[in-house]
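A structural walkthrough
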Amino acid sequence: MRIRSLIALALGLTALSAAAQAAPQNSGNAFNPGIGLVLNGTWASYPTEAGHRQIPGFMLGDGAGLPPQGFGLGESELDLASNFDNLFTGFGALSFHENHGQDSVEVELAYLQTLAMPDGFQVTAGKFFSSFGYQNARHAHVWDFVDQPLAYEAMLNNQYSDPGMQLTWLAPTDTYLLFGAEAFSGDNFPAGGAAHSGNGANNLFVKLSQDVGDSSTWFAGLSYMSARAFNRPSFGDGDAEFSDQSDLDGPLFTGTSNIVGADFVWKWAPHGNFYEKNFVFQTEFLHRSERGTLSNVGCAVGNACNGASAYTGSANGWYVQGTYQWMPQWRVGLRYDRLTSDNTVTGFYQPGQLLGNGFAPHRESAMVDFSNSEFSRIRLQYNRDQSGLIPANEVMLQYIVAMGAHPAHTF
Amino acid sequence: MRSLRTLFLILALAASAPAFADLNVFSCEPHWTALVNEIGTSHVNVTTATGAFNDPHFIQARPSLISAMRKADLVVCNGADLEVGWLPVLMQQGARDTVQPGQPGYLEGSQYIQLLQVPSRVDRAQGDIHPYGNPHFQTDPRVITAVAPELAQRMAQLDPANAAEYQKRYADFKTRWDAAVVKWTQEAAPLKGMKLIGYHDGWVYMSNWLGIDMVGFLEPKPGIPPSPSHLADLLATIKSQGVAGIIYTPYEDEQAPEWLSQRGGVPVAQIPDTVGADNDKDLFQFYDLMVNQLLKLHGGGK
């Protein structure tokens, strides 16, 4: 009996050591990039009298707005990710969505990132989401709610990205401490227009994180974005429907838009075992000051007409949200959003969008979602939306599914 | 004069501050931490990403781990996509060139063993399967036997100043380890042919080693939680196949295994799949614990 088990053991060891000489696992397509497809679709119901997206006190960019009424294909994306070589890794994403019968495809992300710079430095170049705040760099399919917080919708056009460069330095400390600087072309809201010698938005940030015991991690950040806009378009107050991006006939803004952001996230899971149970608390505060001139569409700055008014605006926005996964697959979430603005417009042209002083747009949201696996999620969300003058009840049903290779998620 | 003396005192204190470890190791799982400590003892400083109480598929890419990655001289992981949900983010954001895949500072245990259950067809309709094969291989101690020489060699290569000591420690470990594996294999001989139900399909290496027959899993498909209809099927399996017991890890929910145990009238045991769930402080104590738990199940759970 004893001898037999010894022989079995010896045979097993031989088999294992033979395997040890084997080459790393490779298949024929080993050099192909990881390819992933994320589909994101919604069904939404809003009161018809809500008409169009307006947040009093704010000029909204083309990314603002809710998913279309009824069935809609939301921000879906095709991802490619791979190392280029030993020095660079990269990521590309084409996003496509359907809006009022119009299909649109755009380059959402296309960037390379260094892997081998010394002393904790890293450079990212290409088109990428700014690391402003916490929520800005998060892809739509990992959002905890169907929509972005109001502060992001109003001040960052939901999510700011542009071609640019980022330099970060990770301090050699046990506490996570990251410093970063970004420069962007500034084509997109809150910047806009191309007359910035190709650099219309900059962002500085610092991020800090620590684990607390084996169950909790906190993460905090400060950001300062400074953007220059030249004839930045915004939604008109006409007959536009939700998220109808063709209706950008609102005031044009030329000037500076500076945003300070502070964010704090706390994640908790017993023993760090996220799969069984977890709670995530997230809050951000954004303060924006804008200064410049406003003109109406027929009277853009640079044209020979006298329609421009001087404008200074100060706005605050914050949200607080919590999501709780009480058992595998199931989560609930609550969110509260609030904005305030104080605008001064001096001149003949007085756009209705900015007559919001004293009104505080706010919104309460609740969601429940079910994830059959980590590759599929179905979500039901309710908003009591008082961001406009008429309170609206919004119900949204969303699916998010991912096929193929899928990049690992950041914290 | 006094100020000069103060300066020297400060310098002396600074010099006596705890010295940095010779080798900073980033370990994905506690069994690698235990092995690195066996070979490296006081020369190594190890950060461990996961623990016996969390599911290694699903941890968060915590920023503290990025900071640890930035300083790592050696990364040791199971590989075979076990850590695919978080390790790539740490590798990318830690941006440490000497520990990227293909470098001496990156060691995947899966490359030094024969992986089992390599799927012939890869489709996520089958659940969260791993295209390279089952990555939960540390439930067979012979895996440690196979990976340890490579680990010792890498440690010696990355920290030449202590190379001789690493090799000496490895030789000493190997003697003790080989004897222990023989001991466990003999102790566990009665388990051959025992039928068990597991929670996640993560026991194939253990069952292969000890001749245990895993006849079913609480998860209907890998990564999908137990459903009532599937549990009903398992109840029938228990009756028809003569199942000896149900096993689950400390990071899996005990409700479904307990329910099945009561209904099926078979014992249930929580068996950790890596070091550190109980009072086990090293690899030897971990496999002792595992074999003892299995023997207990075999004896009817007493």
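From a predicted model like this one, the values you see are computed outputs, not experimental measurements.

1. Quick word on the overall build of chain A
When you go through chain A residue by residue, the secondary structure sums to two helices and 17 strands. For chain A, the residues scored as buried account for 41% of the 411 residues in total. At a minimum sequence separation of 6, the contacts of chain A that also span at least 24 residues come to 64%.

2. With respect to the overall build of chain B
The helix and strand tally for chain B stands at ten helices and eight strands. Along the three orthogonal principal directions, the C-alpha set of chain B runs to about 90 × 40 × 40 Å. The proportion of buried residues among the 302 residues of chain B is 53%.

3. As for the packing of helix 5 (residues 142-158) of chain B against helix 6 (residues 163-187) of chain B
Residue and element names in this part refer to chain B. Contact pair helix 5 / helix 6: the axes reach a minimum separation of 9 Å and the direction vectors enclose 175 degrees. Taken together, the axes of helix 5 and helix 6 are roughly antiparallel relative to one another. On the side of helix 5, the interface is formed by Arg142, Ile144, Thr145, Ala148, Pro149, Ala152, Met155 and Ala156, while helix 6 contributes Ala163, Tyr166, Gln167, Tyr170, Phe173, Lys174, Trp177 and Val181. The residue inventory of the contact of helix 5 with helix 6, partitioned by class, reads twelve nonpolar, two polar and two charged.

4. Considering the interface of chain B and chain A
Contacts between the two partners involve 45 residues from chain B, matched on the other side by 53 residues from chain A. For the side of chain B that touches chain A, the elements supplying multiple residues, two or more each, are helix 3 (63-71), helix 4 (87-94), helix 5 and helix 6 of chain B. Among the elements that make up the side of chain B that touches chain A, the one with the highest residue count is helix 3 of chain B (six residues). Looking at the side of chain B that touches chain A, its residues break down into 22 nonpolar, 14 polar and nine charged.

5. Some thoughts on the nonpolar core
Nonpolar side chains in soluble globular proteins generally cluster together in the buried interior. Of all hydrophobic cores here, the largest spans 97 residues; its most connected members are Val25, Leu35, Val36, Leu74, Val75, Val76 and Leu151 of chain B. Looking at this core element by element, the count peaks at nine residues for helix 5 of chain B. The residues contacting Leu74 of chain B, other than those within four sequence positions of it, are Leu23, Val25, Val99, Gly105, Leu107, Arg154, Met155 and Leu158 of chain B. Core analysis: the next-biggest nonpolar cluster, separate from the first, contains 34 residues, Ala154, Phe235, Tyr311 and Leu354 of chain A among them.

6. Overview of helix 4 of chain B
All names here are of chain B. Most of helix 4 sits inside the fold, with six of its eight residues counted as buried. Regarding helix 4, the residues found buried are Leu87, Leu90, Met91, Gln92, Gln93 and Gly94. Two residues or fewer after helix 4 comes Ala95, characterised by a positive phi angle close to 45 degrees.

7. Notes on the confidence of the model for chain B
Residues and elements named next belong to chain B. This prediction gives chain B a mean pLDDT of 91; 93% of its residues lie at or above 70. Note on residues 11-19: pLDDT is under 50 here. Beyond four places in sequence and across chains, it has zero contacts. Both scores are given for the predicted complex: the pTM is 0.88, the ipTM 0.86.

8. Thoughts on the packing of helix 8 (residues 228-241) of chain B against helix 9 (residues 255-264) of chain B
Residues and elements named next belong to chain B. At a minimum axis distance of 10 Å, the contact between helix 8 and helix 9 shows a crossing angle of 40 degrees. One finds that helix 8 runs oblique with respect to helix 9. Once helix 8 is placed against helix 9, the crossing between them reads as right-handed. On the side of helix 8, the interface is formed by Leu231, Leu234, Leu235 and Ile238, while helix 9 contributes Ala256, Trp259, Leu260, Arg263 and Gly264.

9. Remarks on the environment of Ser197 of chain A
All names here are of chain A. Among the structural elements, Ser197 can be located in the loop between strand 8 (176-184) and strand 9 (201-212). Under the C-beta neighbour-count criterion, Ser197 is labelled exposed, with 8 such atoms within 10 Å. For the pair Ser197 and Arg53, spaced 144 residues apart in sequence, the C-alpha separation works out to 33 Å.

10. Focus on the sheet that holds strand 3 (residues 74-77) of chain B
Residues and elements named next belong to chain B. As summarised here, the arrangement of the four strands in space is 2-1-3-4, forming an open sheet in which the pairing is parallel. Two strands bound the open sheet, and with one partner strand each, they are strand 2 (44-48) and strand 4 (106-108). Ignoring strand direction, the axes of neighbouring strands in this sheet form an average angle of 20 degrees. One ladder, built from three bridges, connects strand 1 (residues 23-27) with strand 3; its direction is parallel. Residue pairing across strands places Val25 opposite Leu74, the latter belonging to strand 3. Its contacts with the sheet place helix 5 against strand 1, strand 3 and strand 4, and it is angled at close to 170 degrees to strand 3.

11. A few points about the environment of Pro141 of chain B
Residues and elements named next belong to chain B. Along the chain, Pro141 turns up in the loop between strand 4 and helix 5. Separated by 44 residues in sequence, Pro141 and Thr185 place their C-alpha atoms 9.7 Å apart. In contact with Pro141, not counting residues within four places along its chain, are Val181, Trp184 and Tyr287.

About the cut-offs
Residues numbered from 1 in each chain as written. Chains lettered and ligands numbered in written order. Predicted model: local features only at pLDDT ≥ 70, side-chain atom pairs only at ≥ 80, totals over all residues. Helix = DSSP H or I, 4+ residues; strand = E, 2+ residues; numbered from the N terminus. Buried ≥ 20, exposed ≤ 12 C-beta atoms within 10 Å, placed from the backbone. Contact = placed C-beta atoms within 7 Å. Axes fitted to C-alpha atoms, helices over the stretch in contact; angles between N-to-C directions. Parallel < 35°, antiparallel > 145°, perpendicular 65-115°, else oblique. Nonpolar A, V, L, I, M, F, W, Y, C, P; charged D, E, K, R; others polar. Core = buried A, V, L, I, M, F, W, Y, C linked by C-beta atoms within 7 Å. pLDDT = per-residue confidence, 0-100. Left-handed = near helix turned anticlockwise from the far one by under 90°. Pairing = 2+ DSSP bridges.

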